[in-house]
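Architecture and fold: a report
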Amino acid sequence: MTSDQKCDHPNFKATVDVARITSNTDETKVIAFKADVDIKCAECKESFVFVGLPQGLTQQHPTVSISGETMSAPIEPISGWTYTEPVMGYGVNIYTKEDEDVQPSQN
Ligand SMILES: [Zn+2]
C-alpha cells in the first residue's frame, strides 16, 4: 500500500491492559479490576475510537479517554459478578454510516 491509497482497514491489532485496583489504605487489598482497550488497524496503524461512551474514568460503567482511543471498562471475575437484577431484554441496535434509517430491535 502506498501513502496515496486509502486503507480499508482489513486487519486489527488490539491491546488490552488489565489492572487490579487496590485500597488506598491497604495495597494488598484488591477492591476492583479494570480493562483498558486500544484498537489500531494492523496495516496503516490508524487508531479507532470508541463511539457512544462518556469521557472520564469510573468503576460504574465503561468510559472513553479524551482522545476516544482508549476504552476503560470495569470488570469482575464472573464468580463475583454483582449484577443480580433480572435481564428483561437484550437490546440490539446496529447502525452503519450508510444507514440513515436506524431500526432498533429488542428481544
Ligand atoms: Zn488501515
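Look a little higher up for the structure.
Here the structure is a predicted model, which is why all the values come from computation and not from measurement. (Residues numbered from 1 in each chain as written. Predicted model: local features only at pLDDT ≥ 70, side-chain atom pairs only at ≥ 80, totals over all residues.)

**Some details on the environment of Phe12**
For clarity, the threshold we go by: Going along the chain from the N terminus, every DSSP run of H or I of four or more residues is numbered as a helix, and every run of E of two or more is numbered as a strand. It is the C-beta atoms, placed from the backbone, that decide contacts: two residues are in contact if theirs lie within 7 Å.
Inspection of the secondary structure puts Phe12 in strand β1 (residues 12-22). For the pair Phe12 and Phe48, spaced 36 residues apart in sequence, the C-alpha to C-alpha distance is 9.6 Å. Leaving out residues up to four positions away in the same chain, Phe12 has contacts with Ile39, Lys40, Cys41 and Ala42.

**Section: the pairing of β1**
Heads up, the condition is: Whether a residue is buried, exposed or partly exposed follows from its count of other C-beta atoms within 10 Å of its own C-beta, namely 20 or more, 12 or fewer, or something in between, respectively; the C-beta atoms are built from the backbone. Paired strands are those between which DSSP finds at least two bridges.
The buried count for β1 comes to zero of 11 residues, which makes it a mostly uncovered element. Two elements, β1 and strand β2 (residues 30-41), share 11 bridges in a ladder whose sense is antiparallel. Residue Asp17 lies in a different strand from β2, and its bridge partner there is Asp36.

**A look at the sheet that holds strand β3 (residues 63-64)**
Spatially, β1-β2-β4-β3 is the arrangement adopted by the four strands of the open sheet, whose pairing is antiparallel. The open sheet has two free edges, formed respectively by β1 and β3, since each of these has just one partner strand.

**Considerations on the pairing of β2**
In this structure, β2 lies alongside strand β4 (residues 71-75), joined through five bridges in antiparallel fashion. Each residue of the ladder has a partner; that of Phe33, found in β4, is Ile75.

**So, the environment of Thr15**
Relative to the assigned elements, Thr15 resides in strand β1. C-beta crowding within 10 Å serves as the criterion here: with 10 such atoms nearby, Thr15 is assigned to the exposed category. Sequence separation between Thr15 and Thr70 is 55 residues, and the spatial gap between their C-alpha atoms is 9.5 Å.

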